[in-house]
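Coordinate inspection notes
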Amino acid sequence: TWPFLKSTSTHNRKQKSNNQLLQQIYYGAPGTGKSHIIKEQTKGESVIRTTFHPDSDYSTFVGTYKPTMGLLPICDELGQPMKIGSTVLHKEQIIYEFVDQAFFQAYVRAWEFYADAQDETPQNQYLIIEEINRGNCAQIFGDLFQLLDRNSDGFSDYYINADKDMKKQLAKAFKGKAIKQADKINSLYKEQNVVDKVLSGEILLLPNNLYIWATMNTSDQSLFPIDSAFKRRWDWEYEPIKYKNTGWK
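The present account deals with the structure reproduced in this document.

Calculation criteria
Here, residues in each chain are numbered from 1, in the same order as that chain's written sequence. Only residues with pLDDT of at least 70 get local features here, since the model is predicted, and only at 80 or more are side-chain atom pairs given and counted; chain-wide, interface and lining totals rely on the full set of residues. With hydrogens and water set aside, each side-chain value is computed from the structure's full complement of heavy atoms. Put simply, DSSP H or I for four residues or longer makes a helix, DSSP E for two residues or longer makes a strand, and each gets a number counted from the N terminus. Contacts: residue pairs with any heavy atoms within 4.5 Å of one another. What sets the accessible areas is the Shrake-Rupley method with a 1.4 Å probe; for residues, cover comes only from the shown protein chains. Any two rings among Phe, Tyr and Trp, with Trp reduced to its six-membered ring, count as a pair given centres within 6.5 Å; such a pair is stacked if its planes are under 30 degrees apart, edge-to-face if over 60, and tilted if neither. Burial classification: accessible surface area is computed with a 1.4 Å probe over protein chains only, and a residue below 20% of its type maximum counts as buried, one above 50% as exposed, and the rest as partly exposed. Fitting a line to C-alpha atoms yields each axis, with helices limited to the stretch in contact; the angle taken between N-to-C directions then spans 0 to 180 degrees. Should an angle lie under 35 degrees it is considered roughly parallel, over 145 roughly antiparallel, and from 65 to 115 roughly perpendicular; all remaining angles are considered oblique. A crossing counts as left-handed when the near helix is turned anticlockwise from the far one by less than a right angle, and as right-handed when that turn is clockwise. Amino acid classes used here: Ala, Val, Leu, Ile, Met, Phe, Trp, Tyr, Cys and Pro are nonpolar; Asp, Glu, Lys and Arg are charged; the rest, including Gly, are polar. Any two strands with at least two DSSP-identified bridges between them are counted as paired. To estimate how far a helix should reach, multiply one less than its number of residues by 1.5 Å.

**Focus on the overall build of the protein chain**
When helices and strands are counted, the protein chain shows eight helices and 11 strands. Within the protein chain, residue pairs in contact and separated by at least 24 positions form 78% of the contacts whose partners lie at least 6 positions apart. Of the roughly 13700 Å² that the protein chain leaves accessible, carbon and sulfur atoms contribute 50%.

As structure tokens, then:
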């Protein structure tokens, strides 16, 4: 019995033509089929899935610079690449590069679907978060929390500024992209260059084809309590225990 989950806010209750809610959490006891329901509803769609746990944080949800292995030219003491004939010598070395995670991947793909759309309706992108209450949502979402308020058209009511690392990666991901519906999107914010700022990586703004769905086990609610400000930005769908064909009454 979780009556406080029934939010009266309409910010997150915007429905698209497929009659699906943009942000919703399926909650209930373990084994009631929450993940299965999401799997069935997103069959054939573009889906990126992640699972929260106690060690999850912003960097594991969005992305961060990490040491990776890469081929770099071998340089002499003057810093010039060494060659054999006209061939530059390379060796595998540790380098630092931005490693994108689930949110970043889903966000970029959603806007790419807008850029690739041949008409007014882009393909939908789903970001599925399993066990959302097993992680510290305030720590994991960080400033992305503000993006969860959606307007009547399904876009974020408020955008946020991206940090320098994020801006660089977004600009690289969106290079050469253009969005035909730019004027319509800009008109929602009474600004002329909102879409340009999105594609340049200057700001973060959730498009209306990005669905964020999650599952939550009510038996695990004490692990990381979710505050009411976070709760109200989601719709909640209770999944009861199914007694059919179990022999239980």
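**Quick word on the packing of aromatic side chains**
Tallied over the full model, the rule gives 21 aromatic pairs. Each ring, one from F98 and one from F104, has its centre 5.4 Å from the other, and the planes form 50°; the classification is tilted. In this pair, the class of F98 matches that of F104, namely buried. Their ring planes at 65° and their centres at 5.3 Å tell us that F141 and F230 sit as a pair that is edge-to-face. Here F141, found in helix α4 (residues 137-141), pairs with F230, found in helix α8 (residues 228-231); they are 89 residues apart in sequence, far enough to count as distant. Among the aromatic residues, ring-to-ring pairing joins F52, F61, F103, Y107, F141, F145, F230 and W234 into one connected group.

**Regarding the packing of helix α3 (residues 102-116) against helix α5 (residues 164-173)**
Interaxial distance between α3 and α5 falls to 11 Å at its minimum, and their mutual angle equals 40°. Considering their axes alone, α3 and α5 lie oblique with respect to each other. At the point where α3 passes α5, the crossing takes the right-handed sense. Of the residues in α5, those touching α3 at F104, Y107, V108 and E112 are M166, Q169, L170 and A173. Per-class residue counts for the contact of α3 with α5 are six nonpolar, one polar and one charged.

**Notes on the sheet that holds strand β10 (residues 210-217)**
A sheet is described by the order of its strands in space; here five strands give the open sequence β2-β7-β10-β1-β11, paired in parallel fashion. The open sheet has two edge strands, β2 (46-51) and β11 (235-239), and neither has a second partner. Between one strand axis and the next, the sheet turns through 20° on average, direction left out of account. Docked against the sheet, helix α1 (residues 34-41) engages β1 (23-28), β7 (125-130), β10 and β11, running at close to 160° with respect to β10. This element, α3, spans β2, β7 and β10 of the sheet and lies at about 165° to β2.

**Notes on the environment of L204**
Following the sequence through the fold, L204 ends up in strand β9 (residues 203-204). Its relative accessible area of 2% is what places L204 among the buried residues. As for L204 and S156, which are separated by 48 residues in sequence, their C-alpha atoms are 9.1 Å apart. Contacts of L204, omitting those with residues within four sequence positions, involve Y107, L144, L147, Y159, I160, A162 and L170.

**What about α3?**
In a regular helix each residue adds 1.5 Å, so 15 residues correspond to 21 Å; α3 covers 21 Å between its end C-alpha atoms and thus fits that length. Turning to α3, its buried residues are A102, F103, F104, A106, Y107, V108, A110, W111, F113, Y114 and A115.

**So, the side chain of E239**
You can see E239 is positioned in strand β11. The buried category is assigned to E239, whose relative accessible area is 8%.

Keep in mind these values describe shape, not function.
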